[in-house]
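Overview (structure and organization)
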Amino acid sequence: DGGITQSPKYLFRKEGQNVTLSCEQNLNHDAMYWYRQDPGQGLRLIYYSQIVNDFQKGDIAEGYSVSREKKESFPLTVTSAQKNPTAFYLCASSPRDRGSHEQYFGPGTRLTVT
Amino acid sequence: GDSVTQMEGPVTLSEEAFLTINCTYTATGYPSLFWYVQYPGEGLQLLLKATKADDKGSNKGFEATYRKETTSFHLEKGSVQVSDSAVYFCARGNQGGSEKLVFGKGTKLTVNP
């Protein structure tokens, strides 16, 4: 089955530690995205990548980093510089050859930092 | 600026009631419009979409019509079920050459038996 996988589903870290969230897709999509979801605030875009080896900051990129070395993978690192990292993180992908901008989402990773 | 505005929730209905969740957007042209649904603890799933004015998207009994005159894309369902309880997000496509989406803040729907 084609889809997007995120692992792990739940992640716990101590304050001051960097942590990397995994996102893999086998949909052959060019574009990938990371969102953060907090209660009552909807989805906010962290980073996105339209092609391998290229990515752009979204609306809330501070304290996060990404890489896009392979088409299938777009890992997100939450660094110790992120002041409030506890949130639900969603990864998505979309094909670039469609005009509708439809995105497909993974199941999410809930990160708790204490 | 460019944005998507949804009616604030939470919305609580009884089973078989009629549902409307309002959504309006701002844009300089005619972006694609979407409704996504998120069940508890899960990612978002595309519910329906419309890519041009006057298009009607439909799925699982839900419908929404792209109204350019009122810049709206309201979600409707004639008879909700308990299993429709979820958070619903309206979104529009970006117009800046990338595939980014702009999301509303979400509307939580609870359907009671």
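Everything below is about the structure printed above this text.
In every chain, residue numbers begin from 1 and rise along the written sequence. Note on labels: chains are lettered from A, ligands numbered from 1, in written order. Whole-chain, interface and lining totals are the exception, using all residues; otherwise, since this is a predicted model, local features are given only for residues with pLDDT of at least 70 and side-chain atom pairs are given and counted only at 80 or more. Hydrogens and water are ignored here; the side-chain numbers use all heavy atoms of the structure.

1. Notes on the packing of aromatic side chains
Between rings of Phe, Tyr and Trp, where Trp is taken as its six-membered ring, a pair exists when centres lie within 6.5 Å; planes separated by under 30 degrees are stacked, by over 60 edge-to-face, and by other angles tilted. Inspection of every chain in the model, using the stated rule, returns 13 aromatic pairs over all chains. Judged by centre distance (6.4 Å) and plane angle (20 degrees), the rings of Tyr33(A) and Tyr48(A) are stacked. On the criterion of sequence distance, the pair formed by Tyr33(A) in strand 4 (residues 31-37) and Tyr48(A) in strand 5 (residues 43-51) is long-range, its members being 15 residues apart. Summarising the burial analysis for this pair, Tyr33(A) and Tyr48(A) share the class buried. The interplanar angle of 80 degrees and the centroid separation of 5.9 Å between the aromatic rings of Tyr47(A) and Phe55(A) together place this pair among those described as edge-to-face. Phe55(A) sits in the partly exposed class, given a relative accessible area of 36%. A connected cluster of aromatic rings, assembled from ring pairs, spans Tyr33(A), Tyr35(A), Tyr48(A), Phe105(A), Phe34(B), Tyr36(B), Phe89(B) and Phe103(B). Think of it this way: any DSSP run of H or I at least four residues long counts as a helix, any run of E at least two long counts as a strand, and we number them from the N terminus. Partly exposed residues are those whose accessible area sits between 20% and 50% of the maximum for their type, while under 20% is buried and over 50% is exposed, using a 1.4 Å probe and protein chains only.

2. Focus: the pairing of strand 9 (residues 87-94) of chain A
Regular strands show a simple pattern: their side chains alternate between the two faces of the sheet. All names here are of chain A. Along strand 9, eight of the eight residues are buried, which leaves the element largely enclosed by surrounding structure. Across the two faces of strand 9 the burial is the same, with Ala87, Tyr89, Cys91 and Ser93 and Phe88, Leu90, Ala92 and Ser94 all buried. In terms of strand pairing, strand 4 meets strand 9 through seven bridges, oriented antiparallel. Bridge pairing links tyrosine 35 to leucine 90 in strand 9. For two strands to be treated as a pair, DSSP must find at least two bridges joining them. Judged from the three bridges that link them, strand 9 and strand 11 (residues 109-113) form a sheet pairing that is antiparallel. Following the sheet pairing, phenylalanine 88 is matched in strand 11 by arginine 110. Bridging between strand 9 and strand 10 (residues 104-105) involves two bridges; their strand directions are antiparallel. Bridge assignment links alanine 92 to a residue of strand 10, and that residue is phenylalanine 105.

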